[in-house]
Amino acid sequence: MNAQDSTSRALPPMIDTHIHLNFDAYDEDRDAVIARAAAAGVARCINPGVDLETSRAGIDLAAAYPGVIYAAVGYHPNSTAGFARAWLEPIRALASSPGVVSIGEIGLDYYWDKSPKPDQFAAFEAQLELAAELNLPVIIHNREASEDVIRILESWAGELSGTLREAPGVLHSVSAPAELVERALAAGFYIGFTGPITYKNADQTRRIAAAAPLERILVETDGPFLTPVPHRGKRNEPAYIPLIVERLASVRQLPLAQIAEATTVNAERLFRFT
Ligand SMILES: [Zn+2]
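Quick caveat: nothing in here was measured; it's all calculated off a predicted structure. (Residues numbered from 1 in each chain as written. Predicted model: local features only at pLDDT ≥ 70, side-chain atom pairs only at ≥ 80, totals over all residues. Heavy atoms only, no water.)

Visitor: Before we move on, could you go through the overall build of the protein chain and cite the residues and values that matter?
Guide: Looking only at helices and strands, the protein chain has 11 helices and 8 strands in total. At 17 Å, the protein chain has a C-alpha radius of gyration in line with the 19 Å of a compact globule built from 274 residues. Dimensions of the protein chain, computed from the C-alpha atoms along their principal axes, are close to 50 × 40 × 35 Å. Sorting the 274 residues of the protein chain into buried and exposed places 57% on the buried side. Counting only contacts in the protein chain whose residues sit at least 6 apart along the sequence, the fraction spanning at least 24 positions is 74%. Here the protein chain displays about 11300 Å² of accessible surface, and carbon together with sulfur accounts for 52% of that area. Here the protein chain holds 24 positive side-chain charges and 34 negative ones, and the gap between their average locations is 5 Å. (Helix = DSSP H or I, 4+ residues; strand = E, 2+ residues; numbered from the N terminus. Rg over C-alpha atoms; globule rule 2.2 N^0.38 Å. Buried < 20%, exposed > 50% of the residue type's maximum accessible area, 1.4 Å probe, protein only. Contact = heavy atoms within 4.5 Å. Areas by Shrake-Rupley, 256 points an atom, 1.4 Å probe, with all protein chains shown as cover. Lys, Arg positive; Asp, Glu negative; His and termini not counted. Charge placed at Lys NZ, Arg CZ, Asp CG, Glu CD.)

Visitor: Before we move on, could you go through the packing of helix α5 (residues 117-134) against helix α6 (residues 146-158) and cite the residues and values that matter?
Guide: At a closest axis distance of 11 Å, the pairing of α5 and α6 adopts a crossing angle of 30 degrees. By the angle between their axes, α5 is roughly parallel relative to α6. Here α5 runs over α6; the crossing is right-handed. Between α5 and α6, the residues in contact are Phe-121, Phe-124, Glu-125, Leu-128, Glu-129, Ala-131 and Ala-132 and Asp-148, Val-149, Arg-151, Ile-152, Leu-153 and Trp-156, respectively. Of the residues that constitute the contact of α5 with α6, the class distribution is 9 nonpolar, no polar and 4 charged. (Axes fitted to C-alpha atoms, helices over the stretch in contact; angles between N-to-C directions. Parallel < 35°, antiparallel > 145°, perpendicular 65-115°, else oblique. Left-handed = near helix turned anticlockwise from the far one by under 90°. Nonpolar A, V, L, I, M, F, W, Y, C, P; charged D, E, K, R; others polar.)

Visitor: Residue-level account of unusual backbone geometry, with values.
Guide: For the peptide bond that leads from Gly-104 to Glu-105, omega is 5 degrees, which places it in the cis range. Its location among the elements puts Glu-105 in strand β4 (residues 100-109). Note the cis peptide between Gly-223 and Pro-224, where omega equals 10 degrees. With respect to the helices and strands, the residue Pro-224 is situated in the loop between β8 (217-219) and α10 (241-252). Residues other than glycine seldom take positive phi values, yet Ser-173 does so here, at roughly 45 degrees. Examined against the element boundaries, Ser-173 turns out to sit in the loop between β6 (169-171) and α8 (178-186). Judged by relative accessible area, Ser-173 falls into the buried class, the value being 16%. Even without a glycine there, the phi angle at Leu-226 is positive, about 55 degrees.

Visitor: Explain the confidence of the model for the protein chain to me, and be specific about the residues and the numbers.
Guide: Confidence in the prediction of the protein chain, expressed as mean pLDDT, is 95, and 97% of residues score 70 or more. Scored below 50 in pLDDT, residues 1-6 makes 6 contacts in the model with residues more than four places away or belonging to other chains. (pLDDT = per-residue confidence, 0-100.)

Visitor: Residues and numbers for the packing of aromatic side chains, please.
Guide: Counting across every chain of the model gives 7 aromatic pairs. A ring pair is formed by Phe-23 and Phe-225, whose centres lie 6.0 Å apart and whose planes are at 70 degrees; its orientation type is edge-to-face. Here Phe-23, found in the loop between β1 (14-16) and α2 (30-39), pairs with Phe-225, found in the loop between β8 and α10; they are 202 residues apart in sequence, far enough to count as distant. Overall, the relative accessible area of 18% leaves Phe-23 in the buried class. On the accessibility criterion, Phe-225 (43% relative accessible area) is partly exposed. Members of the aromatic cluster, joined through ring pairs, are Tyr-75, Phe-83 and Trp-87. Across from the ring centre of Phe-273, 5.0 Å away, lies the NZ or CZ of Arg-44, which sits over that ring. Against the face of Tyr-190 rests Arg-216, its NZ or CZ located 5.8 Å from the ring centre. (Phe/Tyr/Trp six-rings, centres within 6.5 Å; stacked < 30°, edge-to-face > 60°. Lys NZ or Arg CZ within 6 Å of the ring centre and 35° of its normal.)

Here it is as structure tokens:
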């Protein structure tokens, strides 16, 4: 047992709110990855879809690990080329499957630019409408599209009511200018922190983490990507969540257990775990 294990065992159970366990990267040892997560104190995971096939795969994982793995369903912006409204129907049908807690990941990506912008916009707005209709929170992907993402989310959230108005979704792996993050927080959104908060060049992300209300922060790995230090360069996995909790604790100068507990309670509130 190393120091990290003993620390995590003493912590309240944590939730990896964004992990692509269905990806090929885990094909060889998925059960072991999930077992290591539990051993590290990560009791639950949310597996977002990036297209129809991966949304289905997430639901299959949720069925195989009930109460441990949950799913989000939706089209990632990079999967929206040729989007038509008929694409919503299978997502609507999947959204009522056991273990589905969110529509996601959805949003805009101007970095890869794999899908034409009009298709990205159409898919993003249509999926936001679907989330409102189904009363499900959203998981938002934003890469170099902060202005447009925040503007669209503000106008969407402004029309909501009830539980969804209180907690409409999360800016996953938050990366945006501080004033835009402020606007998202003001609109009720949560913000998710990933491995990059442990990177040397991430002062801006750490400033956002220091300033955000404690009741709005989540932790996530985004595995297999965005691996935290000291494992950077290798495959990411949910057992590394305590490394992100530790960094948040040091940034906010709060006890580890308080960050572990707050981020879990926040995820339970947003995704309505009981
Ligand atoms: Zn992701």
